[in-house]
Every structure is written in structure tokens, then in C-alpha cells.
Amino acid sequence: MTNTCMFCTIAHHKMPAHIIYEDSSTIAFLDINPYSYGHTLVIPKIHTLNILTATDETLGHVMHTVKLVSNHYINDCGYDGITVLSACNEVANQSIPHLHIHIVPRKNDDSLSALSDVFSQTHSYDLNEGEQILTMRP
């Protein structure tokens with residue numbers, strides 16, 4: 001953990017976040033500036049810059065969690081699909097220098113028509129209403 005990395009502080013429960021899923025290697029939590037209701041970030045608990053610098057083991061753990069959470073959203077929460085994205089390095093708009101994968105739950109009738117629409121604007125949602133639906137239970 002680095003003392004200056006916001007995602008490290010979330011991963012080690014030193015900063016609040018609405019956690020959707022957690023295991024020994026990863027944590028998934030709701031984004032505070034969501035593109036859609038349920039917009040989730042999946043991060044490794046170990047600090048690593050992005051998918052280009054992650055070990056295969058770390059990346060495997062992260063992608064396993066992405067798959068679990070994504071299937072949960074489709075199978076249990078009524079979403080029709082998901083958009084998955086990870087930016088690598090500042091030039092690609094990586095905003096936090098810690099590996100994170102965005103899961104953006106999608107509905108057939110949502111207002112986002114393409115991947116570019118998903119990341120061109122943010123939307124306001126009350127994350128306190130209904131967020132328990134999104135949280136995975138063991």
C-alpha cells in the first residue's frame with residue numbers, strides 16, 4: 001500500500017466506499033462519479049499501476065472479480081449487459097495511478113448509445129437508494 005494512493009486506502013478500509021464484493025486479493029466498489037447506476041470499480045488490493053505493469057497473477061485475480069460482479073449484475077440485478085473498460089497511463093485518461101477496471105451496467109433502454117457516450121459524461125445517481133441490490137452476498 002502506498003500512503004498517497006486513494007485506491008490503496010479504499011482497499012485497506014482506511015477510506016469509506018460502498019463495497020460490492022471483496023476477497024483476499026481484490027475489492028469491487030461503487031464509483032463516486034458514476035456513468036450509470038451501479039458503475040463499479042474493481043481493483044487489486046496490492047498496489048500496481050495498471051494492466052501493463054500488473055503480474056499475471058494479480059491481473060487474473062482482478063479479471064476473476066470482474067467476471068463475478070458482471071455476472072451478478074446480469075443474472076441477479078436485471079441488467080442486460082455491461083461495458084468494461086480500463087485506461088492505462090495518463091495519455092489514455094487513467095485518472096488514478098492504481099489498476100482499476102470499470103464495470104458499467106447497461107440496460108437496453110439506457111441513455112448511453114455507445115462506448116464513447118459512456119465515458120463522455122457522468123450522471124448523478126443517489127447511490128444510497130437501492131445500492132444494497134448491487135452488493136454481492138456470499
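Structural data are supplied above this passage.
Quick caveat, the model's predicted, so the values are computed rather than measured. (Residues numbered from 1 in each chain as written. Predicted model: local features only at pLDDT ≥ 70, side-chain atom pairs only at ≥ 80, totals over all residues. Heavy atoms only, no water.)

K.L.:
Describe in detail the packing of aromatic side chains, supporting the description with residues and values.
P.N.:
For the structure shown, the criterion picks out two aromatic pairs. The interplanar angle of 70 degrees and the centroid separation of 5.6 Å between the aromatic rings of Phe7 and Phe29 together place this pair among those described as edge-to-face. In this pair, Phe7 is assigned in helix H1 (residues 6-11) and Phe29 in strand S2 (residues 26-30), connecting sequence segments 22 residues apart. An identical accessibility class is assigned to Phe7 and Phe29; each is buried. (Phe/Tyr/Trp six-rings, centres within 6.5 Å; stacked < 30°, edge-to-face > 60°. Helix = DSSP H or I, 4+ residues; strand = E, 2+ residues; numbered from the N terminus. Buried < 20%, exposed > 50% of the residue type's maximum accessible area, 1.4 Å probe, protein only.)

K.L.:
Break down the sheet that holds S2 for me, citing the residues and quoting the values.
P.N.:
Sheets are built from strands that pair by backbone hydrogen bonding, the pairs being arranged parallel or antiparallel. With respect to topology, five strands assemble into an open sheet ordered S1-S2-S3-S5-S4, the strand pairing being antiparallel. Each of the sheet's edge strands pairs with one partner strand only, and the pair in question is strand S1 (19-22) and strand S4 (81-85). Going from strand to strand, the sheet's axes swing by 20 degrees on average, the running direction of each strand aside. When S1 meets S2, the two strands line up antiparallel, connected through three bridges. (Pairing = 2+ DSSP bridges. Axes fitted to C-alpha atoms, helices over the stretch in contact; angles between N-to-C directions.)

K.L.:
Explain unusual backbone geometry residue by residue, including any values.
P.N.:
The residue Asn89 is not glycine, and still its phi comes out positive at about 85 degrees. Following the sequence through the fold, Asn89 ends up in the loop between S4 and strand S5 (101-106). Phi is positive for Asn93, close to 70 degrees, though the residue is something other than glycine. With respect to the helices and strands, the residue Asn93 is situated in the loop between S4 and S5. Relative accessible area serves as the criterion here: at 67%, Asn93 is assigned to the exposed category.

K.L.:
Please set out the nonpolar core residue by residue, giving values where relevant.
P.N.:
In terms of nonpolar packing, the biggest core is built from 17 residues, with Ile20, Val42, Val69, Tyr73 and Leu134 touching the most fellow members. Within the residue set of this core, elements represented by two or more residues are S1, S2, helix H2 (56-76) and S5. At four residues, H2 tops the list of elements feeding residues into this core. Grouped together as the second largest cluster of nonpolar side chains are 10 residues, Phe7, Cys8, Ile27 and Phe29 included. (Core = buried A, V, L, I, M, F, W, Y, C linked by side-chain atoms within 4.5 Å.)

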